[in-house]
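What the coordinates show
Residue strings, one per chain:
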Protein chains: 2
Amino acid sequence: MDLKQGLAQYKEIIDNNITRFIPENCPPKLKESMEYSLKAGGKRIRPALLLMVCDHYKVSRELSLPVACSIEYIHTYSLIHDDLPAMDDDDFRRGKPTNHKVFGEAIAILAGDGILNTAFEILSNLEGIDPKIQVKLIKELSVSAGITGMIKGQILDIEGEEKQLTSSQLADVHRYKTGKLLTAPLKMAASLSKLDKETAEALYSYGDHFGMAFQITDDILDVCGSFESLGKAVGSDEKLSKSTYVTLHGLDKAKLMAKEHVQQGIKELEDNDIKVPYLPQLLTYLLNRKA
Amino acid sequence: MDLKQGLAQYKEIIDNNITRFIPENCPPKLKESMEYSLKAGGKRIRPALLLMVCDHYKVSRELSLPVACSIEYIHTYSLIHDDLPAMDDDDFRRGKPTNHKVFGEAIAILAGDGILNTAFEILSNLEGIDPKIQVKLIKELSVSAGITGMIKGQILDIEGEEKQLTSSQLADVHRYKTGKLLTAPLKMAASLSKLDKETAEALYSYGDHFGMAFQITDDILDVCGSFESLGKAVGSDEKLSKSTYVTLHGLDKAKLMAKEHVQQGIKELEDNDIKVPYLPQLLTYLLNRKA
C-alpha cells in the first residue's frame, strides 16, 4: 500500500472511532460541541503516527486505538481554545466555522476543558495493559501536552507575536507548540510496543525532525497555500506580524531547512534499522504537501 | 485539637505546598499566573478532606499531599475559567482581582488549561505507590472533574441560568458542579487508604451530604453574607436571576434542608463506625459558616 492509501486508511479508522470515547451521560449540548470539533477532520497525523508504529510492533488495536485518540483529543482541545477571541480569534478552522462561532464562547471553553479531561479519562480506562505502562502513557501525554510542553509553546507563541524572534527563539516556539505533541505519539507507541531504549530514542529523534519539517512547511504553505486547500485565511501569520521561518529566513532558505530535517529524520530510521512502514515516506510527503 | 485549629493546620499545609508541584521549566509569565490563582487561598476544604481521612488511616503524607493538591488544582482551574468574561464575567474572587483581570484572558485560559493538565501530571509522578491504585486515582479524578462530573454541572448551570429550575434540576446542578469535586477527595482517600467497600461507600455518602449542605449554605450566604466575608459581590446569583435553594424554597426551608443533610451525613459516619477526626464537626460547621 502506498503512503497516500495508508494515510487515508488510518484517517478513516480515526474518523470512525474518535467520538466513541466520549463518556455516556455527557450533557447533549456539550456532546454536540465536542463532537463537532472532534469530527472536524484534519489529517489525523498524530494518531496515525502512533498506529503505524504500534501496528508494526504488533500492539493490539484494542489498546493502540484509544491511546491514539487520546492524543487527538489533546490536539483538538488545543485548537478550540486557540481559536477563541481572546487567543487567535479565528472564525474558520478546516473550512468550517470554529467551535465558539457555532456554540458560543462559554460552551467552547467547556468543550475544550472537557476534551482535555477526557483524554486522561480514556487512558485511565485502558484494559488489558500493565498498569506501570499505563501510568507511563499518562505521564508522557501530560508532560507533552502540559506547561513544559505544548502549553509552553502556546505561551512562547503569544509572547513572540509582535516581536522579531531570533532563529533559536522561533525554533523553541515550534519545538514546544507543535513538536511536543508530534513526538508524543512516537513516545507513547514506543512504550506500548515495549521497545528498547535505543530504538525508542531513535524514534523520538525522528519525531523531532518530523515536527520541525512539519512546522517549516506549514509556514511555507501560509505564504504559498490557498484558502481552499488550507481551510483557513492565508497570510494570517503575516497579518499578526508573527515571525515565521519564511519571514525570518526567506522562502528558499526555509525550504532548504525543511529538506534537511527530512533527510536527518530518514537517517535516524536507517541508522537504527527501524522498518516501520510509511515513516520515511511521510517525511518526504511533508515537503510536497499542499495542505 | 478543635475543628477550627485542625482546619487552619490543614490549610497551612496546603498553602505552603500548593505551588511546589508546578513543573520546572514552566514559562515565567505562565507560572506567575498559575501561582496567583493557586495561592489565592480559600478554605482548602477539598484537600483537607483527603488529608483528614488519609492521616487517620496512616497513609504517608509523601503520597497524600500531592494527591490532595491535585484535587485543589482541578478546583482552581475551574474557578479561573468560570470567572472569564464569556462565563460568569467576575472581576473579583476571594477579594482579589480574578486571574484574567491581572494577566489578560489569553494567559488566564492557558493558565487554567495548564493547571488542569498539571493535576494529572502530579498523579502520574507519584512514587512508592501500587500503579493499580495510581491508575484508580487518575480515573477517579478525571471522572469527578470531567464531562460526567464537574464540567457537566457547569453546563447544567449555564443552561439553567435564565430558567426557573425544578427542585430536582437544581439538585442536579449542584450534585455535579460542586458535589463531584467534594466527593472526589473521599473517594481518592478511600483508594489510598485501601478501605473495604462498605466503609468507602459510607464515606462517599458522607461526601454527597457534605456537598449538598455546602451548596445550600452557599446559597444562603449569597443572600445573607457580606462582601467582606465572601470576597465576592453579594447577591450575584440573584443578579443573574439564577435559581438557588433560597429563591426556590425560601430561606427557612433552605436552612432546614441543609440541616437534614448535616444530620444524614453524621449518621452515615456513626452507622459505619468511621472515626475520622473532624468529619462530623465539619458538617455542623457548615451550618454556621460566615464565608
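The sections below set out a description of the structure shown in this document. Along each chain, the written sequence defines residue order, and numbers are assigned to residues from 1. To read the labels, note that chains go from A and ligands from 1, taken in the order they are written. Per-residue local features of the predicted model are confined to residues with pLDDT of at least 70, and side-chain atom pairs are confined, for both listing and counting, to 80 or more; whole-chain, interface and lining totals are unaffected and use all residues. As a convention, hydrogens and water are excluded, and side-chain values are obtained from all of the structure's heavy atoms.

1. Quick look at the packing of helix α8 (residues 150–159) of chain B against helix α9 (residues 167–192) of chain B
All names here are of chain B.
- Remark: α8 packs on α9, axes separated minimally by 7 Å, with the N-to-C direction vectors making an angle of 145°. Helix-helix and strand crossings are classified by hand; for α8 and α9 the assignment is left-handed. Mapping the contact onto sequence places Met150, Lys152, Gly153, Gln154, Leu156 and Asp157 in α8 and Asp172, Val173, Tyr176, Lys177, Lys180 and Leu181 in α9.
- Residue polarity is assigned by list, with Asp, Glu, Lys and Arg as charged and Ala, Val, Leu, Ile, Met, Phe, Trp, Tyr, Cys and Pro as nonpolar; anything else, Gly included, falls into the polar class. Within the contact of α8 with α9, the residues separate by chemical class into 5 nonpolar, 2 polar and 5 charged. Axis lines are fitted through C-alpha atoms, for helices just across the contact stretch, and the angle between N-to-C directions can take any value from 0 to 180 degrees. Secondary structure follows DSSP: runs of H or I at least 4 residues long count as helices, runs of E at least 2 residues long count as strands, and numbering of each begins at the N terminus. Note: crossing handedness is left-handed where the near helix turns anticlockwise from the far helix by less than a right angle, and right-handed where it turns clockwise. Here a residue-residue contact requires only that any non-hydrogen atoms of the pair lie within 4.5 Å.

2. Looking at unusual backbone geometry
Residues and elements named next belong to chain B.
- Phi is positive for arginine 94, close to 50°, though the residue is something other than glycine.
- Along the chain, the position of arginine 94 falls in the loop between β1 (92–93) and β2 (96–97).
- Exposure is judged per residue with a 1.4 Å probe applied to protein chains only, and the accessible area is read against the type maximum: over 50% gives exposed, under 20% gives buried, and values in between give partly exposed. Overall, arginine 94 belongs to the partly exposed group, its relative accessible area being 27%.
- In this structure, lysine 194 is a non-glycine residue whose phi angle is positive, near 50°.
- As for its placement among the helices and strands, lysine 194 is situated in the loop between α9 and α10 (197–224).
- On the accessibility criterion, lysine 194 (64% relative accessible area) is exposed.

3. Re the interface of chain A and chain B
- Listed per partner, the contact involves 46 residues of chain A and 46 residues of chain B.
- A quick way to say it: buried area is the sum, across both parts, of accessible area lost when two parts are put together, with a 1.4 Å probe. When chain A packs against chain B, close to 4000 Å² is buried across both sides, 74% of that on carbon and sulfur atoms.
- Looking at the side of chain A facing chain B, the largest losses of area belong to Leu110, Asn117 and Ile147 of chain A, adding up to 16% of the total buried there.
- Think of a polar contact as two N or O atoms within 3.5 Å of one another; within protein, one of them needs to be a possible hydrogen donor and the other a possible acceptor, and neighboring residues in sequence only count if both atoms come from side chains. Linking chain A with chain B are 8 residue pairs in polar contact (both at pLDDT 80 or more), by the criterion used here.
- Elements that contribute at least two residues to the side of chain A that touches chain B include exactly α2 (28–38), α4 (61–83), α6 (105–124), α7 (131–145) and α8 (150–159) of chain A.
- Split by residue class, the side of chain A that touches chain B holds 25 nonpolar, 12 polar and 9 charged.

4. Observations regarding the pattern of salt bridges
- Salt bridges are defined by distance alone: a side-chain nitrogen of Lys or Arg within 4 Å of a carboxyl oxygen of Asp or Glu. For the coordinates displayed, the defined rule picks out 22 salt bridges over all chains.
- For the salt bridge of aspartate 15 of chain B with arginine 44 of chain B, the shortest nitrogen-to-oxygen distance reads 2.8 Å. Of this pair, aspartate 15 of chain B sits in helix α1 (residues 3–17) while arginine 44 of chain B is found in the loop between α2 (28–38) and α3 (45–56), placing the two residues 29 residues apart along the sequence.
- Take arginine 44 of chain B: its relative accessible area is 2%, and that puts it in the buried class.
- The partner of aspartate 271 of chain B in a salt bridge is lysine 267 of chain B, with the nearest N and O atoms 2.8 Å apart. Within this pair, aspartate 271 of chain B and its partner lysine 267 of chain B are both found in helix α14 (residues 251–271), separated by 4 residues, close to a single helical turn.
- Where salt bridges share partners, they join Lys11, Asp15, Arg44 and Glu72 of chain A into one cluster.

5. Section: the relation of the copies chain A and chain B
- The fit set for superposing copies consists of C-alpha atoms from residues with pLDDT of at least 70 in both; the fit itself is least squares. With an axial shift of 0.0 Å and an RMSD of 0.0 Å, the rotation relating chain A to chain B amounts to 180°. Look at the turn and shift together and you get a two-fold axis relating the two. Nearest to the rotation axis, the C-alpha of proline 131 of chain A is located 2.8 Å from it, this being the minimum over chain A.
- Taken as a fraction of all interface residues of chain A, those also at the interface in chain B reach 100%, which identifies the copy contact as same-surface.

6. So, α14 of chain B
Residue and element names in this part refer to chain B.
- Taking 1.5 Å of rise per residue, the 21 residues of α14 would be expected to cover 30 Å, and the 30 Å separating its terminal C-alpha atoms lies within 8% of that figure.
- Buried within α14 are the following residues: Ala254, Met257, Ala258, His261, Val262, Gly265, Ile266 and Leu269.
- Here the buried face of α14 lies against α10, α13 (245–249) and α15 (279–288).
- Once α14 ends, the next one or two residues include aspartate 273, with phi positive near 55°. The span expected for a helix works out to 1.5 Å for each residue beyond the first.

7. Notes on the packing of aromatic side chains
- A pair of Phe, Tyr and Trp rings is counted when the ring centres sit within 6.5 Å of each other, with Trp represented by its six-membered ring. The angle between the planes then sorts it: under 30 degrees is stacked, over 60 is edge-to-face, the rest tilted. As enumerated under the stated definition, the model contains 9 aromatic pairs over all chains in all.
- Centroid distance tyrosine 206 of chain A to phenylalanine 210 of chain A: 6.0 Å. Interplanar angle 35°. Geometry classified as tilted. Remark: phenylalanine 210 of chain A and tyrosine 206 of chain A occur in helix α10 (residues 197–224); sequence separation between them is 4 residues, near one turn of the helix.
- Overall, the relative accessible area of 0% leaves tyrosine 206 of chain A in the buried class.
- Taking the relative accessible area as the measure of exposure, phenylalanine 210 of chain A reaches 1% and is therefore buried.
- Taken together, a centroid distance of 6.2 Å and an interplanar angle of 20° make the contact between phenylalanine 210 of chain B and phenylalanine 214 of chain B stacked. Here the residue phenylalanine 210 of chain B and the residue phenylalanine 214 of chain B both occupy positions in helix α10, the gap between them amounting to 4 residues, near one helical turn. Pair check on accessibility: phenylalanine 210 of chain B and phenylalanine 214 of chain B agree, each one buried.
- What links up through ring pairs into an aromatic cluster is the set Tyr206, Phe210 and Phe214 of chain A.
- Against the face of tyrosine 36 of chain A rests lysine 96 of chain A, its NZ or CZ located 4.3 Å from the ring centre. Only when the NZ of Lys or the CZ of Arg is both within 6 Å of the ring centre and within 35 degrees of the ring normal is a charge said to sit over the ring.

It is worth stressing that arrangement in space is one thing and function is another; only the former is reported here.
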